[in-house]
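# Understanding the architecture of this molecule
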Amino acid sequence: MADKKMVEAITSMEEDFAQWYTDVVKKAELTDYTSVKGCMVIRPAGYAIWERLRNELDKRFKETGVQNVYLPMFIPESLLQKEKDHVEGFAPEVAWVTEGGQQPLTDRLCVRPTSETLFCDYYKNTVHSYRDLPQVCNQWCSVVRWEKETRPFLRSREFLWQEGHTAHATAEEAEARTVQMLNVYADFLEEFCAIPVIKGKKTEKEKFAGAEATYTVEALMHDGKALQSGTSHNFGDGFAKAFGIQFTDQNNTLQYVHQTSWGVTTRLIGAIIMVHGDNSGLVLPPLVAPTQIMIIPIQQKKDGVLAKAAELKDMLSDFRVKLDDTDKTPGWKFSEQEMRGIPLRIEVGPKDIEAGKCVVVRRDNGEKTDVPFAELKEKVGEILAQMQKDMLERARQRRDSQTYTAKNYEEFKQIFAEKTGFVKAMWCGDRECEDKIKEDLAVTSRCMPNDQEKISDVCVCCGKPATKMVYWGKAY
Ligand SMILES: [Zn+2]
């Protein structure tokens, strides 16, 4: 009985997906509660996942010429006020510092909800000539948004993220960078996190406060809800005009810069949990997993078992491998390894040793393979690579099976009444229809995908000529 305890304690996802998520986060020891309301403690197992994601993204950013910087965590109110749409967009969720060292502040400071204004302030001082461009900077930091309802990784008052901010000489260059970073996110999500995404553009209603255009990558979770997984914004020269960021071009004429920003957050961990997890807990893609292989000895007190297990660990040192030689029972160790989403388990006991092999078990599909010791290293590499591929493919198939099309409003309403998922439908481009859809069905436009399809000629809502195909859905 004791062996099963860890697993028994989680709610099944079919019964209550939200509770399942909370259970996995807690049982896999990813986060913990804290006395700081609305915030989370990211525990070692959770932070190790973040480090894997961060390191891979950082590498991919740098391959495109990005440099890391660090800016203050405070923004003076006077600075925040400079771009009107931006301040209006963030005002409801800003936290303020009004006192410092027991003295009231004359210009109160907000704790950064995002750092566009600070980067503008910085670029205003550093960009003078066309020779100073482009500026391609990124910051890894935390930001604060005073959310009312919070959930680990998905919504919390303080969260970790990266925010890239760039300044360019031309509008074309800024647009190219915006799209380039969206592609970096999409490739990273698919290749590294095994999460298939829809790439597209946000509608005017859903775009970032102060942006000219917002691009997004949208993923579908196990329960059919969408998760915006990364965004890339083209600011045009709006911020540059508000902040006076100018440079002299080759003709000695004064010009405004064109800017972009782009970011992903610890929400990515939530996406990995909700795309890949199952009723035994977390399932981590091999590339993401901080520990890829757990070696679990069977009858470890018998002569030679622990020594063999340690030998296998050395043999697999090219991978992220651990040996569980604690005095817990093997059954307990299995359920812990499953709960934590470790991709492979290697079982080795006296009978295996006699036969010159061990048993390799895949976390994602439970498949067991007997592998001779001599072939272990090669075979493990193959199985991990196959598992990474299969996880992406499985997630893609599930997403596609939860993606529907609607030609008219009746169909549209019918689908959302019965199902949760993406619905592809045509739209006229009017804000009124978008508002009505949100009010009637509590769904939002997720994006206007790059890969447009023509489902019909008319808007699903008003019947006027359609301009775009849009993905609609319920979102986290
Ligand atoms: Zn319409």
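Residues numbered from 1 in each chain as written. Predicted model: local features only at pLDDT ≥ 70, side-chain atom pairs only at ≥ 80, totals over all residues. Heavy atoms only, no water.

### Here's the deal with the coordination of the zinc ion
Taken together, C428 (SG), C433 (SG), C459 (SG) and C462 (SG) make up the full set of protein donors to the zinc ion, lying 2.3 to 2.4 Å away. Each of the four donor atoms around the zinc ion contributes to a set of angles spanning 103 to 117°, which defines the coordination as tetrahedral. Mapped onto the polypeptide sequence, the residues donating to the zinc ion form the spacing pattern C-x4-C-x25-C-x2-C. With relative accessibility at 11%, the residue C428 sits in the buried group. C433 sits in the buried class, given a relative accessible area of 6%. (Donors = N, O, S within 2.8 Å, 3.2 Å for Na, K, Ca; no water. Tetrahedral: all angles 85-135°; square planar, octahedral: opposite > 155°, others 65-115°. Buried < 20%, exposed > 50% of the residue type's maximum accessible area, 1.4 Å probe, protein only.)

### Quick look at the pattern of salt bridges
Within this structure, the stated rule accounts for 36 salt bridges. Between D364 and R394 there is a salt bridge, and its shortest N-O distance comes to 2.8 Å. With D364 in the loop between strand 18 (357-362) and strand 19 (368-372) and R394 in helix 13 (residues 376-401), the pair connects residues that are 30 residues apart, well separated along the chain. What makes D364 buried here is its relative accessible area of 13%. Among the ionic pairs, E382 bridges to K379, the shortest N-O distance being 3.7 Å. Of this pair, E382 and K379 both sit in helix 13, three residues apart, roughly one helical turn. Put simply, E29, K328, E336 and R340 are held in one network by salt bridges that share partners. (Salt bridge = Lys/Arg side-chain N within 4 Å of Asp/Glu carboxyl O. Helix = DSSP H or I, 4+ residues; strand = E, 2+ residues; numbered from the N terminus.)

### Some points on the packing of helix 14 (residues 409-418) against helix 15 (residues 431-441)
At their nearest, the axes of helix 14 and helix 15 sit 11 Å apart, and the two run at 40° to each other. The angle between the axes of helix 14 and helix 15 places the two elements in the oblique class. Note on packing geometry: the crossing formed by helix 14 with helix 15 is right-handed. Judged by residue contacts, Y409, F412, K413 and F416 of helix 14 engage K436, I437, D440 and L441 from helix 15. Grouping the constituent residues of the contact of helix 14 with helix 15 by class yields five nonpolar, no polar and three charged. (Axes fitted to C-alpha atoms, helices over the stretch in contact; angles between N-to-C directions. Parallel < 35°, antiparallel > 145°, perpendicular 65-115°, else oblique. Left-handed = near helix turned anticlockwise from the far one by under 90°. Contact = heavy atoms within 4.5 Å. Nonpolar A, V, L, I, M, F, W, Y, C, P; charged D, E, K, R; others polar.)

### Description of the environment of Q388
Tracing the backbone through its elements, the reader meets Q388 in helix 13. The spacing of Q388 and V288 is 100 residues in sequence and 9.5 Å in space, taken between C-alpha atoms. Residues within four places of Q388 in sequence aside, it is in contact with E191, F192, C193, A194, P285, P286 and L287.

### A closer look at helix 7 (residues 171-192)
Taking 1.5 Å as the rise per residue, helix 7 with 22 residues should run 32 Å; its terminal C-alpha atoms sit 31 Å apart, in good agreement. A positive backbone phi angle near 55° is found at A194, which sits one or two residues after helix 7. (Expected span 1.5 Å × (residues − 1).)

### Structural notes on the pairing of strand 23 (residues 468-473)
Of all six residues in strand 23, five are buried; the element is thus mostly enclosed. Direction of pairing for strand 21 (residues 422-427) relative to strand 23: antiparallel, over a ladder of five bridges. Bridging across to strand 23, M426 finds its partner in M469. Of the strand pairs in this sheet, strand 22 (residues 444-449) and strand 23 are connected by three bridges, and their pairing is antiparallel. (Pairing = 2+ DSSP bridges.)

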